[in-house]
Amino acid sequence: RAPSVATDICASPCPACGSHVASDWFDGGQQPMATIAWPASPEEACALPRYPLRFVRCLDTGCGHLYNAAFDYAAVPYTEKPNRMFNRGSRWKLHLIDLCHDLLRTLPDRPTVVEIGCGEGHLLRALAEAQPQGRYIGFDPNASVETGNATIEVYPELFYPAHHLPSLRPDLLISRHVLEHMTNPLGFLQMISASSALLGEPLKVFIEVPCVDRLWESKRVADLYYEHNSHFTTLSLTRLLSRAGATVEWIRHGYNREVVMAMVTLGEQSGCRDFASEARAFSLVSRSAKEDIGGRLGELVDSGTPVVVWGGTGKGAAFMQYYGMDAQRFPLVVDSDIDKVGTYVPGMGQRIEYRDILKARPQTSIILPAPWRARDILDEINRECISYRQILIEHEGRLIDFLHNQHPY
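We now turn to the structure provided with this report. Fair warning: this is a prediction, and the values are worked out from it, not measured in the lab.

Re the overall build of the chain
Assigned secondary structure in the chain consists of 11 helices and 18 strands. Taken over C-alpha atoms, the radius of gyration comes to 30 Å for the chain, far larger than the 22 Å a tight globule of 409 residues would show. Expressed as a percentage of its 409 residues, the buried residues of the chain come to 46%.

This is the structure:
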């Protein structure tokens, strides 16, 4: 059947690339948790809560990610029951041994290695045994992790990049079979990248997720259960890494192509630091302005100078809210738009009057919260023969005289 625009596409943000257009792919109905429910009786098993399996496919041509659009991470009790993998199969053990050797080749003599979602700690313990001079740290919200006679440290909590990276400064960050459980793996990797960039320390990251290339080829459905929100193809993992700003060292497959792995570096974007510095500077100026401009407004009121705000909605209302211009001290608000007259300033309560009321109130200090409109308003003031004491605008955290101070307007 040819695709139908009306029935085959939907709006749903992709966890891998952020695109908001997807196609319905698999409706599994309502099913209970498949890996961490652990019912103790037939009755308990049949009575388990059920959750929707509504898998869709991202339609971004560079992605094609598969994910459950109805997934709710809060419904999955990871802190109570671990999502343990079966690690005893002979071929899986060989995969872990090969992986351990590959990772050891990337590490310095005394490495700090952090694994997110370390499970029972098999890989970390193997690394610690092979290179015992290092520091090996595992994060897992379930506390029942084998520490291997204290060869690894365990944090029974979630990993928060902005909090943990500055204190731990790892040489290698490992994420194995974690991203497929997340609502927003793209945002998580971007947070790791941004945190590393702000530290000025690009971070080597190893990622492994189940690969569903063969699922797509064979049309098997057993892989599709609630705890796995995301199903990565090689293409969608590549797209995820690109969107996270990763420099990819390699991407390859393992365990008979049932997993896809990548070694990448995150945090090399210099622009991230520039934007963060600009944001921090604006935050500091805005906090200082609240005190400076607030004080200046108070001085105007105390001096007995009549004050009027021109513009009672939008930017005018936002300005008055931020600087606490209450109706008792600043009762007069005017507007050029007759349709706004008779309504009230949101959050503050002043009745908005028509601008002509100022013709009977000379020598008023007029505040223009939208400085980019100041020239138009000044033309209107002069055309309507409205007299005033001064015209004030906000600029660089201060309240300045529009006609006599320097500004770009």
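Side note on the packing of aromatic side chains
By convention here, two paired aromatic rings are described through the distance between centres and the angle between planes. Per the counting criterion, the structure on display carries 11 aromatic pairs. The interplanar angle of 40° and the centroid separation of 5.1 Å between the aromatic rings of F71 and Y226 together place this pair among those described as tilted. You can see F71 sitting in the loop between β4 (66–68) and α3 (90–104) and its partner Y226 sitting in the loop between α7 (213–218) and β10 (230–231), a full 155 residues away along the chain. Exposure class is identical for F71 and Y226. Each is buried. Among the aromatic residues, those joined into a cluster by ring pairs are W25, F26 and F55. The side chain of R252 reaches across the aromatic face of W250, ending 3.5 Å from its centre. One cation-aromatic arrangement involves K290 over Y322; the distance from NZ or CZ to the ring centre is 4.6 Å.

Things to note about the nonpolar core
By size, the foremost hydrophobic cluster in this structure holds 39 residues, and its most contacted members are L179, L189 and I192. If you list the elements that add at least two residues to this core, you get β3 (51–58), β5 (112–116), β6 (135–139), α5 (161–168), α6 (185–199), β9 (203–210), α8 (234–243) and β12 (259–266). Here L179 is in contact with P185, F188, L189, I207, V209, S230, F232 and L240, once residues within four sequence places are set aside. Of all hydrophobic cores here, the second largest spans 23 residues; its members include L104, L127, A128 and M261.

Overview of the packing of α6 against α8
The geometry of α6 relative to α8 is characterised by a closest axis approach of 9 Å and an angle of 40° between their N-to-C directions. Classified by the angle between their axes, α6 and α8 sit oblique to one another. Relative to α8, the crossing made by α6 is right-handed. Contacts from P185, L186, L189 and Q190 of α6 reach α8 at L240, L241 and R243.

Focus on the packing of α6 against helix α9 (residues 270–302)
In the contact formed by α6 and α9, the axes pass within 8 Å of each other and the chain directions differ by 80°. By the angle between their axes, α6 is roughly perpendicular relative to α9. Where α6 abuts α9, its residues A194, A197 and L198 lie against C272, R273 and A276. Partitioning the contact of α6 with α9 into residue classes produces 5 nonpolar, no polar and 1 charged.

Considering the environment of F71
Taking the relative accessible area as the measure of exposure, F71 reaches 11% and is therefore buried. Sequence separation between F71 and M182 is 111 residues; the distance between their C-alpha atoms is 9.3 Å. Beyond its immediate sequence surroundings of up to four residues, F71 is in contact with V76, H181, T183, Y226, E227 and N229.

Focus: the side chain of H231
Along the chain, H231 falls in strand β10. Assessed through its relative accessible area of 3%, H231 is described here as buried. Separated by 3.4 Å, the side chain of H231 and the backbone oxygen of H228 make a polar contact. Sequence-distant contacts of H231, that is, excluding residues within four places in its chain, are made with F55, H65, L66, V212, D223, L224 and S236.

Quick look at the pairing of β9
Looking along a regular strand, one sees side chains alternate from face to face of the sheet. For β9, a buried count of 7 out of 8 residues is recorded, marking the element as mostly surrounded by other parts of the structure. In this sheet, β9 lies alongside strand β8 (residues 172–176) in parallel orientation, the contact comprising 5 bridges. In the strand pairing of β9, L173 is matched with V205. As for the winding sense of the linkage, the β-α-β connection from β8 through α6 to β9 is right-handed. Here β9 pairs with β12 via 8 bridges, running antiparallel. Each residue of the ladder has a partner; that of I207, found in β12, is A262.

Quick word on unusual backbone geometry
Phi at C385 takes a positive value of approximately 55°, unusual for a residue other than glycine. Overall, C385 belongs to the exposed group, its relative accessible area being 66%.

What to know about the state of the cysteines
Tallying each qualifying case throughout the model produces 0 disulfides. Sulfur of C58: no disulfide; nearest cysteine sulfur belongs to C17 and is 3.6 Å away. Look at C58 and you get buried, because its relative accessible area is 3%.

Overview of the sheet that holds β3
Spatially, 5 strands are ordered β1-β2-β3-β4-β10 in an open sheet, and the strand pairing comes out antiparallel. Across the chains shown, the open sheet's two edge strands, defined by having one partner strand only, are β1 (10–11) and β10.

Examining the sheet that holds strand β11 (residues 247–254)
Strand order in this open sheet of 7 strands is β7-β6-β5-β8-β9-β12-β11, and the pairing throughout is mixed. Single-partner strands in this sheet number two, and they are β7 (153–155) and β11. Averaged over all adjacent pairs, the angle separating strand axes in this sheet is 15°, with direction ignored. Summarising the sheet, β6 and β7 pair through 3 bridges and their orientation is parallel. Looking at β7, one finds that F139 is bridged to Y155. In this fold α6 packs onto β5, β8, β9 and β12, with an angle of close to 25° to the strand it touches most, β12.

Conventions and cut-offs
- Residues numbered from 1 in each chain as written.
- Predicted model: local features only at pLDDT ≥ 70, side-chain atom pairs only at ≥ 80, totals over all residues.
- Heavy atoms only, no water.
- Helix = DSSP H or I, 4+ residues; strand = E, 2+ residues; numbered from the N terminus.
- Rg over C-alpha atoms; globule rule 2.2 N^0.38 Å.
- Buried < 20%, exposed > 50% of the residue type's maximum accessible area, 1.4 Å probe, protein only.
- Phe/Tyr/Trp six-rings, centres within 6.5 Å; stacked < 30°, edge-to-face > 60°.
- Lys NZ or Arg CZ within 6 Å of the ring centre and 35° of its normal.
- Core = buried A, V, L, I, M, F, W, Y, C linked by side-chain atoms within 4.5 Å.
- Contact = heavy atoms within 4.5 Å.
- Axes fitted to C-alpha atoms, helices over the stretch in contact; angles between N-to-C directions.
- Parallel < 35°, antiparallel > 145°, perpendicular 65-115°, else oblique.
- Left-handed = near helix turned anticlockwise from the far one by under 90°.
- Nonpolar A, V, L, I, M, F, W, Y, C, P; charged D, E, K, R; others polar.
- Polar contact = N/O pair within 3.5 Å; in protein donor to acceptor, adjacent residues only side chain to side chain.
- Pairing = 2+ DSSP bridges.
- Right-handed = clockwise from strand over helix to strand, strands pointing away.
- Disulfide = S-S within 2.5 Å.

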